[in-house]
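Residues per chain are reported as follows:
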2 protein chains.
Amino acid sequence: MRYGYFDDAAKEYVITRPDTPTPWTNHLGSAEYGAVITNNAGGFSFYKSGAQGRFLRFRPLGIPEAQPGRYFYLRDRVSGDYWSASWQPVGKDLAAYKTTCRFGTGYAIITSSYSDITSESTYFVPRGQNFEYWLLKLSNTGKKPRKLSVFTYVEFSSEWRVYHDMVNMQYSQHIVKATYRDGIIGHHLLGNLQPDPEHFENADQCRRTFLALAGAKVTGFDTKREVFIGPYRSYANPWVVEHGKCTNSLAYGDNMCGTLQVDVDLASGGEIELVVMLGIGDAAVEGRAVKRTYGSPARAHAELQALKAYWHSHLDVLHARTPDKAFNSMVNVWNAYNNIVTFTWARAASLVYQGERDGFGYRDTVQDSLGAAALMPAEVEARLELMLTGQVANGGAMPIVKPFAHRPGHETPPPEHAFRSDDCLWLFFAVPEYVKETGDLGFFERVLPYADHGEATVLHHLKQALVFNLERRGAHGLPCGLLADWNDCLVLGQRGESVFVAFQLRYALLVYAEICRRLQREEEAHWADVQRAELDHAIQAHTWDGKWFVRAYYEDGTVLGLSLIHI
Amino acid sequence: MRYGYFDDAAKEYVITRPDTPTPWTNHLGSAEYGAVITNNAGGFSFYKSGAQGRFLRFRPLGIPEAQPGRYFYLRDRVSGDYWSASWQPVGKDLAAYKTTCRFGTGYAIITSSYSDITSESTYFVPRGQNFEYWLLKLSNTGKKPRKLSVFTYVEFSSEWRVYHDMVNMQYSQHIVKATYRDGIIGHHLLGNLQPDPEHFENADQCRRTFLALAGAKVTGFDTKREVFIGPYRSYANPWVVEHGKCTNSLAYGDNMCGTLQVDVDLASGGEIELVVMLGIGDAAVEGRAVKRTYGSPARAHAELQALKAYWHSHLDVLHARTPDKAFNSMVNVWNAYNNIVTFTWARAASLVYQGERDGFGYRDTVQDSLGAAALMPAEVEARLELMLTGQVANGGAMPIVKPFAHRPGHETPPPEHAFRSDDCLWLFFAVPEYVKETGDLGFFERVLPYADHGEATVLHHLKQALVFNLERRGAHGLPCGLLADWNDCLVLGQRGESVFVAFQLRYALLVYAEICRRLQREEEAHWADVQRAELDHAIQAHTWDGKWFVRAYYEDGTVLGLSLIHI
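The paragraphs below set out a description of the structure included in this document. (Residues numbered from 1 in each chain as written. Chains lettered and ligands numbered in written order. Predicted model: local features only at pLDDT ≥ 70, side-chain atom pairs only at ≥ 80, totals over all residues. Heavy atoms only, no water.)

**Section: the sheet that holds strand β15 (residues 184-189) of chain B**
The pairing of strands in a sheet happens through backbone hydrogen bonds and is either parallel or antiparallel. Residues and elements named next belong to chain B. Strands sit in the order β1-β2-β8-β9-β10-β11-β19-β16-β15-β14 across an open sheet of ten strands; the sheet is antiparallel. Strands with a single pairing partner mark the edges of an open sheet, and in this sheet they are β1 (4-7) and β14 (176-181). Going across the sheet, the axis of each strand differs from the next one's by a mean of 15°, ignoring polarity. By the bridge criterion, six bridges tie strand β16 (residues 208-214) to strand β19 (residues 271-280) in an arrangement that is antiparallel. Of the residues in β19, the one forming a bridge with Leu211 is Leu278. (Pairing = 2+ DSSP bridges. Helix = DSSP H or I, 4+ residues; strand = E, 2+ residues; numbered from the N terminus. Axes fitted to C-alpha atoms, helices over the stretch in contact; angles between N-to-C directions.)

Quick look at the structure:
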C-alpha cells in the first residue's frame, strides 16, 4: 500500500499520494444523477445516462490522463502564484504541495496544503437530488493575512449525446448558450431544439444545467472555454487564472466552461467555506431554488451526513470481525460498496467505458444484483422487476435494457440471431437470492409484462427462460449457444451447442423445481425434473469424447475441447 | 492576413505565425491512405476509412487543441534544453522560436529555428503508396559544433475502429503489441484476431503498421506511451526527452507510441537529413521493403517532386489572370485544391468530424463531384460510377455509400422512411458536368448495377431518379420531402411536400429532356416534357398562397412559408 490505506472507522479509503499510477475513481450520486470523480478531481457527470445525458465533458485516453474535471483554482492576489485545490491540473511540485484524498461512500474529500493555505474540497450528490455539491473550505495556516482568488472550472458538453459532442462538431459547436445572473451560470442548448420528453435519446426537456456559488460574493465569471484557458495553454495554466481576473465572457456557439470567481481575504488562522452547486435545470428556476434551499455550508454538511447515514445503513447489514484486518475492510466496506456501485451503474459509467456504453447489459446486470441483494433488497427488487420486463414473451432476454427508455410491452424483440443463450438463465441465480434475503415468496406470483407483449407471473417468466433454451437445442440435445454463451466472444450460432449453458440450464431446472415445490406446484416441479433427466442424459452422452472434455460443438459439428490434464 | 500569405508561384499557403486562432489543416495522401495535418504537426492518419481504418490516435476537442500528431523532439545533449521541430507541442517562447509552415498540394513543410538549429520537417504521402514520409533536415546555423538527439513521436490507436479505441477500453487496452528490429518499430493487434478481408469494418488483413527511420543510426526506441511521456506529464515535456535517453520499452497491452531516437553531431554549418516512414503493413515485410526502396533523402525528394507534378497538373487545367491577385490565388490554386480535397475525402476526414463519420454521404459527394469535374475527370468518372451504383433499383439513393464496403447488387435497400427526396436529383447536376468536361456522351449508355439488384444504363439510372420523385408526390402534386430535402433538418415525411425539391425535379426533367434529345431519344424527351408541364402546373398552383411563398407543406397540410418582403 504505497499510495494509501483503508480507514475502516470512517469507511473511507485514504489516498496519501496524488500521483497514483493510474487515475483512481469513485462514484457519486445515483442512477438518476451520476458522477465519476478521480483522486485528482477529474471526471464527468451525467443525467440518467452516461451516453445520452452527459453534460460534463471528459476526454478518453487523454494526456495528461483523466481531464478535465471539477476544479478549484486558487491564486494569491499579491504574489500571482496559483495552484489547484486538487494536485492536478496545475500539478505543483509535490515537495511543496501536500495532499490527501478520501474516497468515501458516495463522496470524495481532497485536502491540500500549499503556501500556508489549506483547502478541503468535498464532492457529493445529496440524496434524491439532481445536483452535485462542491464544498471548498479555505484556511490560512500562516502568520500573514492573505488575499486570494478562487476560480471554479467545469467543462460542459456541447451536446448531451456524448458521441455527437465528440464527433458531430459541425452541429455541436454551434448550439451552446450561456447565461449569467446573480452568481449562477446557466448552460443550455439553443432554442431550436424543442422539448421532447417522450424520447430521451433524441431530446430531453431538461437540457439545461446550472452552476451556482454561495458563501461569498461572485466577482466575475467566464463561460467561454477558449477565453478562460487561452490559446495553446492547458488546464495547468489557464490564462484567466494566470492574469487573475475573469473576463465575464458569455458563450454562444462556443465550447463552454463554468468559471465563477470569488476574491477572499483571510486573516492568519482565518477560514471561509464556499458552496458550489452544479445541477440539472434552468438556472433561473432550478438553479435559484437549489441555491436558496441548499446554498449554505450548514445545509451542505447536513446533506453529507444524511448521505453517509444512507450508505452506512446499507453496509451495516453484514459485519465481519476476523483477525485479518484487510479481510474485514474488504467484507465490511469495500467489496460491499463496490458491489453497490457496480449494481447502480452497470459498469458503463466508468473510465473504462467513458459512459458511452450505457443501458443495462442483461447478463451483467442480473449478475450484479446478486452482490447487492443483501445490501439493498428494495433496489434489487426494482431492478429485477425491470430486467424481468426485459424478457420477451418467448423467454429470451433483450441484450440491453435501457432504464431511461424501456417501455415494457412495447419493445421490438431482438431478431432471433441476436439472443444470447445464457442471458435469461442468470435469473435463476439472482431471483432466488433476492427471495432468500427477503423471504418474499410472493415475488414469484407477481405479474409483470414481457418486453414485447403479454404479461405473466415471475414464476412464469422463469419458466419461459427454461423453455427458451429447451426449445433451442441442437443435434446432441444440448442447448444452442446462439450469439454467445457465458463467453461473450464465443459465437456458436443457431445450431452450435454449449455445454456451459447445458450445465447452467440443468442448474436452472433444479432451482425451478425447488421453487415450485416451495410453492406447492408439484406438477410444474415434476415437469422440470423430467426435463432435467432428459438433459442429464444428453450431457452424459456428449460432454466427454474419450479425450477432451467438450466445451462446445460448433455449427459444423467440430468440437471445442478443454484439456483435463492434471485433474 | 496576419498569419500568412499565398505563395502562388509555389502553389503554397505560408503560415508565418504558428499560434493561429484555431488549428489550420491540410490533407495528405489519397482516399486509400489519408492523413490530416495541422500547422503544428497535429493530426491523424487512416487506411481507407477515417473511422474503421484509423491507426493514429487524435483527441477531439482537446486541451491544448489538436494533439497528438507527428512530432520530432530535438534535444541538446550538452545543455539538456529541448524543443519540437513544430512549435507545438513543446511550445517554446515565440520570441526565441521562429517558424513557418508551408501547406502545399498534398504536403506540409514546417521550418523552425531555435538555438542556432534550423529544422525543416516535410510530411507527405508518396503517390500510390500506403505510407507517409516525414523528412527532417537539421542544420547547425551557429558557430559551435552541436550534439543533438532526435526523438520521433506518434501515437497508435489500440483499435482501428476509432469508436472502440475511445470507448471499448476493456478490450482495446489489451490488444496491442509492439516489435522492434533494425530501426523499424512494428505495431500490431494481438494474434487472436484472424484476418477477415471480406469485412473491412470488423477486421482487416492489414492491421499492422510500421515506423521506420533511415539516414542515421537508431540508438534507442520507446513504444509504451506512458513510459515515453511519463506520469502526469504532457506532450510538452515527455520524460524520455527531458532525460535524453530512450528506455527501449516494448508495448504489450499498453497505449502505444512510436519513438525512435537518433543522436546527431553537427559541426558549424553542418546538415543532416533523416527519413521517417510510417505506413501500413508488417514491419518485417512491408516495413523493410519500404525502408529499402524509399529510405533515402534522394528518393524522398524525387517522390515529393512527383507528388507536386501530379497535383499541379490537375490545377493547371484552368488558369485565370486578372488584376486581382487574391482572386487569381483562389481560382488558380486554393479553390481548386480544396475542391479536390473535399472531393477525395467527402468531408469526414477532418477536424470537424474527426474522421468518425465516414463513407460518402450521397448528396454531399455528388455535389462535390461538380467542383472536381474539370480538374480530375477520371477520378470523377469513377466516383460517379460508384454513386450511381448507390442508387437502388427504385431510383432512390442510399444515404451513405461506403467505398471500402460497397457491394453493388447486394446491398440491402434503405427502408422507405430513410430515403431523402433530393439525394438522387443531384445526379442531374454532376453527371452532365462530367460529360461536358470530357465530351464522353457514351457515359450515358454505360451499364451499371443498382445497389440492391439489377442493372441499367446511366441514362436509365437518371430516369429512375425522376421516377422515384414523380411517384412520391403529395396532395398538391409536389414531390414529398421524405426524410429530408435540401435542408437536412427538415423532415417532411412520406406525405409532406417540398417546393425546393419540386424546383429541383423540374430542373432534372429539363436536363433529362436535353440529354435525351442529344442522344436522339425523342420519345423519352417528350415523356420528360409532359411530366415537367404537369409539375409546372402544380408549382404554379401551390407555391404562392397570396401572402407567403411556400417552402413546404407539412404532412398535416400546414405551410412552411418564406417571406417575400423586400423582393
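**Some remarks on the sheet that holds strand β4 (residues 33-38) of chain B**
Residues and elements named next belong to chain B. The sheet built from three strands is open, its strands ordered β3-β4-β5 with antiparallel pairing. Lying at the two open borders of the sheet, with one neighbouring strand each, are β3 (25-29) and β5 (43-47). Pairs of neighbouring strands in the sheet enclose a mean axial angle of 15°, with direction left out of account. The strands touched by helix α7 (residues 325-345) within the sheet are β3, β4 and β5, with β3 carrying the most contacts at an inclination of about 60°. (Contact = heavy atoms within 4.5 Å.)

**Focus on the relation of the copies chain B and chain A**
Relative to chain A, chain B is turned by 180° and slid 0.1 Å along the rotation axis, the superposed coordinates differing by an RMSD of 0.1 Å. Here the symmetry operator amounts to a two-fold rotation axis. Among all residues of chain B, the minimum C-alpha distance to the rotation axis is found for Arg59 of chain B, at 3.7 Å. The residues that chain B uses at the interface reappear at the interface of chain A in 100% of cases, marking a shared surface. (Least-squares fit on C-alpha atoms with pLDDT ≥ 70 in both.)

**Some remarks on the packing of helix α10 (residues 427-438) of chain A against helix α11 (residues 458-470) of chain A**
All names here are of chain A. For the pair α10 and α11, interaxial distance at closest approach is 11 Å and the crossing angle is 160°. When the axis of α10 is compared with that of α11, the two are roughly antiparallel. The chirality of how α10 crosses α11 is left-handed. The residues of α11 that touch α10, namely those facing Leu427, Phe428 and Val431, are Val458, Leu462, Ala465 and Leu466. Taken together, the residues of the contact of α10 with α11 sort by class into seven nonpolar, no polar and no charged. (Parallel < 35°, antiparallel > 145°, perpendicular 65-115°, else oblique. Left-handed = near helix turned anticlockwise from the far one by under 90°. Nonpolar A, V, L, I, M, F, W, Y, C, P; charged D, E, K, R; others polar.)

**Quick look at the packing of aromatic side chains**
Under the defined criterion, the tally for this structure stands at 73 aromatic pairs over all chains. Ring plane angle 75° and centroid distance 5.1 Å describe the contact between Phe131 of chain B and Tyr133 of chain B, whose orientation is recorded as edge-to-face. For Tyr133 of chain B, a relative accessible area of 0% corresponds to the buried category. Arranged with centres 5.2 Å apart and planes meeting at 25°, the rings of Tyr153 of chain B and Phe228 of chain B form a pair that is stacked. Residue Tyr153 of chain B is located in strand β12 (residues 146-153), and its partner Phe228 of chain B is located in helix α3 (residues 225-229); the two are separated by 75 residues in the primary sequence. For the pair formed by Tyr153 of chain B and Phe228 of chain B, the shared burial category is buried. Taken together through their ring pairs, the aromatic side chains of Tyr3, Phe6, Tyr13, Trp24, Tyr310, Trp311, Trp334 and Tyr337 of chain A make up a single cluster. The ring centre of Phe500 of chain A lies 3.7 Å from the NZ or CZ of Arg551 of chain A, which sits over that ring. (Phe/Tyr/Trp six-rings, centres within 6.5 Å; stacked < 30°, edge-to-face > 60°. Buried < 20%, exposed > 50% of the residue type's maximum accessible area, 1.4 Å probe, protein only. Lys NZ or Arg CZ within 6 Å of the ring centre and 35° of its normal.)

**So, empty space enclosed by the protein**
Summed over the entire model, instances satisfying the criterion amount to nine cavities of 30 Å³ or more. Roughly 120 Å³ of internal volume is contained in the largest cavity. If you go around the largest cavity, the residues you meet are Arg59, Gly62, Ile63, Pro64, Gln67 and Tyr235 of chain A together with Arg59, Gly62, Ile63, Pro64, Gln67 and Tyr235 of chain B. Here the residues of the lining of the largest cavity are counted per class, giving six nonpolar, four polar and two charged. (1 Å grid on protein atoms, 1.4 Å probe; cavity = no way out; pocket = protein on both sides within 12 Å on 5 of 7 lines; lining within 4 Å. Points joined across faces, edges and corners; volume = space filled by probe spheres on them.)

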